[in-house]
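A closer look at the structure
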Amino acid sequence: MKIKRHKKFQKNVKYFMKHFDWKAPFHILADGTVAKAALDNKVNLRDQLPKYFDNAVKLYTTPCCLVEAESLGPELYGAVQVLKTFLVYKCPHSEESISAAHCVKSMVGQKLAPQKSKSSNSEVPESPDVPAPSRSNDPIRFIPATQDHYLRKQLRQLPGTPLLYLNGPAPHFERPSLVTQEVAKDKSVKKLEVITYQKEILDRMKDEAFGDSPLPERKGTKKRKRAGPNPLSVKKSKKKKTVLTLIPGASTSQNIGNNNSPGGDRGVKKKRRRVRIPKHVKQELATFKRQQQQQQATPKAVE
Ligand SMILES: [Zn+2]
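Residues numbered from 1 in each chain as written. Predicted model: local features only at pLDDT ≥ 70, side-chain atom pairs only at ≥ 80, totals over all residues.

Sheet analysis places strand 5 (residues 164-167) next to strand 6 (residues 170-173), joined by four bridges and oriented antiparallel. Residue pairing across strands places Tyr165 opposite His172, the latter belonging to strand 6. Counting the residues in the hairpin turn of strand 5 and strand 6 gives two residues, including Gly168, whose phi is positive at 70 degrees. (Pairing = 2+ DSSP bridges. Helix = DSSP H or I, 4+ residues; strand = E, 2+ residues; numbered from the N terminus.)

Below is the structure:
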C-alpha cells in the first residue's frame, strides 16, 4: 500500500515538473493547520517529505502563519513549536500580519527571491537523506501545504500550483486540478504549434536553398550554368546558320553539284542558271535563226 501511495505521489510531482518546470529542491510552505495535523498523526514532515519527493525538500512558514497559530491559544502550542522548526520566509506583511490563508495564497503562484532566514534552525539541513543542491540564488516557488479546505479550493484555481496536505499520517500530493490540466494542455498544444511552425520555416528555407532536387544534382546544374555557353560553339552555330540560309536559296545539293565554276559568288550564279528556256521556244529560236541565215545567204547567191 505504501509503495502504491509513493508512486501516486511521484506521478503527480513529475506532472508538475514536466508541465510547469518545477525543480528540486522543493520549497514547502506550511501553515499552522498542517503542522497541527503532523503533530496529531506523529509525522515528522522533515523526515518523510524528502522520501516522498525522492528529492531535496525545504520546509518554510511565514510570520503571518506563526502569528495566527500563536493567537489561537494553547491548543495550537505544539503546532507553533513545529512551525518554529521550519525556515521562516519573510512575507511582505511584516508591518501588519494578515490571515495565514491570505498570506499563503499571496506567496504561491510566483517566483520569489531567496532570502536568508533568521530562524534558529536555518543552518540545519532540511533533508538529511538527500543533500540539497547549492542553488541559493535560484528563485523560490512555494508548494503550499495546508489542511484548510477553503484555502485549498482557492489554490486549485491557480494554474500550475501543486497542493500538499496530510491524509492521516501520509503526505498527499494532490493530483493537478482541472484548471492546471487545461493550462498544461494549452501549453503542450502551443509547443506543438511552435514546432510545426519552425518545421515549416525550415522546409521553406530548404526549398529556397536547394530546391526539390537533391543537393549534389543541384550543384552539378549550377556548375554548368556558371560555365556558360562555349564561345566557340556559339560561333559555330552562327556559321551553320549562314550556310543554312544560303542553301535553301540555292535549291539544295542539285545546284551545288551542277555548279562547276571555280571560286566566285556561287549563290548569284546559281540563281541565273535556274532560268531555263522551254524546248518549244528553243526550237522556234532555232528555226528563226535558220531562216535568217537562209535570207542572208540568198542575196549573196543573187549577186
Ligand atoms: Zn504574511
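From this point on, the discussion continues.
Ranked by internal contacts, the top residues of the largest apolar core, which has 48 residues, are Ile28, Leu29, Ala30 and Leu83. Ranked by residues supplied to this core, first place goes to helix 6 (residues 100-107) with five residues. Residues contacting Leu29, with those up to four places away along its chain left out, are Tyr60, Thr61, Val104, Met107, Val108, Phe142, Ile143, Pro144 and Ala145. (Core = buried A, V, L, I, M, F, W, Y, C linked by C-beta atoms within 7 Å. Buried ≥ 20, exposed ≤ 12 C-beta atoms within 10 Å, placed from the backbone. Contact = placed C-beta atoms within 7 Å.)

Here we take up helix 8 (residues 178-210). Helical geometry note: an α-helix holds 3.6 residues per turn, so side chains three or four residues apart project in the same direction. Taking 1.5 Å as the rise per residue, helix 8 with 33 residues should run 48 Å; its terminal C-alpha atoms sit 47 Å apart, in good agreement. When you tally the buried positions in helix 8, you get one out of 33 residues, a small fraction of the element. A positive backbone phi angle near 75 degrees is found at Gly211, which sits one or two residues after helix 8. (Expected span 1.5 Å × (residues − 1).)

This next bit is on the confidence of the model for the chain. Per-residue confidence for the chain gives a mean pLDDT of 80, with 74% of residues at or over 70. Residue range residues 241-247 is modelled with pLDDT below 50. Its contacts to residues more than four positions away, or to other chains, number two contacts. Low confidence marks residues 249-265, where pLDDT is under 50. Its contacts with residues over four positions away, or in another chain, come to 13 contacts. (pLDDT = per-residue confidence, 0-100.)

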